[in-house]
Each structure stands twice: as structure tokens, then as C-alpha cells.
Amino acid sequence: AWEGFYKNRYEYPLKLILHEFSRNDCVLDVGCGDGRLTYFMAEKVNSIVAVDNQDYPLKFARLIFDRLNVKNAEFKVEDITKLNFKDESFDKIACFDVIEHIPKDTAIMGIGELVRVLKKGGRLYLTTPNRKELRGRIFGHKMPDKHYYEYTKEEIRKLFEPYLKDMKVYGYYIPPVIPKAEHIANVIPFRYLFNWLIRAGKNYPSLSDGLLIIGTRK
């Protein structure tokens, strides 16, 4: 299991939005993987449908949720470009670290589907890496092999402007300019600095390693 810095970084975007969830909400979690973040949302809402394009991680999620006796979550295999839900089915939609794993044209189709199944006035939350994060500006940005395309703050805002109002783009984790500095992120006293860098990203999305987009469907 992830601990310390990596756990804090992974969960921080969710901490920024959990206060918006309520017991009346029906939520869709797209790209849920093994359900780590799904669990925190499930505690807050009426019901949550968590989907992924592979059944393998969903098997772990179902097992964990059964053991924890969580009854308000359902797990399904779904394709983000053709979601099998009716228009305006959900009050809120979360999509964490998904669109960078698919080609740009596919991502645009997927975003259209997210908007379609989100109720008017519903809230969308999406995270994705920032192609122009601080360290990459200095040493050159390195994109993981599993990523098709990574966006800048400006690109992601432009992508969502046709669909969302009251849109905000936050950041999370400003990476130090020293390469591989995360190797000492859990060592005292450095852990306090790295946890601060996670939180500092909120106000400096252009420099941050990850971007969090929040908006209301028009």
C-alpha cells in the first residue's frame, strides 16, 4: 500500500472536493481502478457507480468493498467514449488520471460523454498531469510510456470551456527542480517540505505536477 508522500499526493485532489459531496448525490467515478478513491466518495454520498475499462482492477475493488461492507457502490466495465447510462444520470462525476491514457481525439469524445451523463448544474471533477510542470520546464518533460498526451493548464481549460461554467483549475504538488527528489520525500525533516509542496500546488497550477479541473455543467 502507498504510504506517506505518495499517498498524500494521490489523495490530495479528492480532499479539495469531498466537502461538495452530499447524502443526496448519485455519483459516477470514471477510471476507478481498484477503488481507493471511490471508497472515500462512497462514505459521503447516496450511491456511486465506479467504472473502468478493465475488469481486473474491479475484481479487487469488489472484494475490498465487500469486506468493508460498503453497500452503496456498484462496479462496471465501461468505455469512456460510450458510457451505458442515460442522459443526465448523475449529480457529480469524478474522473481521476484518465484522459492522459487515451489519444486526444478519444479524450474529446470521452469528455463529451462525461458531460452527457452529468445533470445540468451537476459538478465535474477531473485530474490529469501538467505537461509544463516546474521540473519539466528546466530539464525537459518526460511523459510515461502509458500516456498518450498530457495537457497544459491552458489546454485543459480550453477543452472544458464549451461545457462547464464556474470552472476552476487547481494544481497539486509543485515538484522540486532536483531530479528524483521524491526519494527523500518520506525522510524527516524533508517530509514536511514535500507535504507543503503538495498543498502549495493548489494556488500555482501552472507549475504543479498535476491539474484538478472543477466545474458546473452548463
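See the structure above.
Described in the following lines is the structure provided in the data block. (Residues numbered from 1 in each chain as written. Predicted model: local features only at pLDDT ≥ 70, side-chain atom pairs only at ≥ 80, totals over all residues. Heavy atoms only, no water.)

1. Digging into helix 6 (residues 153–160)
Along helix 6, the residues that are buried comprise Ile156, Leu159 and Phe160. With its buried residues spanning 85° around the axis, helix 6 presents them on a single face. Opposite the buried face of helix 6, by more than 90 degrees, sit the exposed residues Glu154 and Lys158. Buried residues in helix 6 make contact with helix 4 (104–117), strand 5 (118–129), strand 6 (164–172) and strand 7 (210–217). (Buried < 20%, exposed > 50% of the residue type's maximum accessible area, 1.4 Å probe, protein only. Helix = DSSP H or I, 4+ residues; strand = E, 2+ residues; numbered from the N terminus. Arc of directions from axis to C-beta. Contact = heavy atoms within 4.5 Å.)

2. Some words on the pattern of salt bridges
Taken as a whole, this structure holds 12 salt bridges when the rule is applied. One salt bridge in this structure joins Lys119 and Asp91, with 3.1 Å as the shortest N-O distance. Linking Lys119 in strand 5 with Asp91 in strand 4 (residues 90–96), this pair joins segments that are 28 residues apart in sequence. Among the ionic contacts, a cluster of salt bridges with common partners joins Asp87, Glu113 and Arg116. (Salt bridge = Lys/Arg side-chain N within 4 Å of Asp/Glu carboxyl O.)

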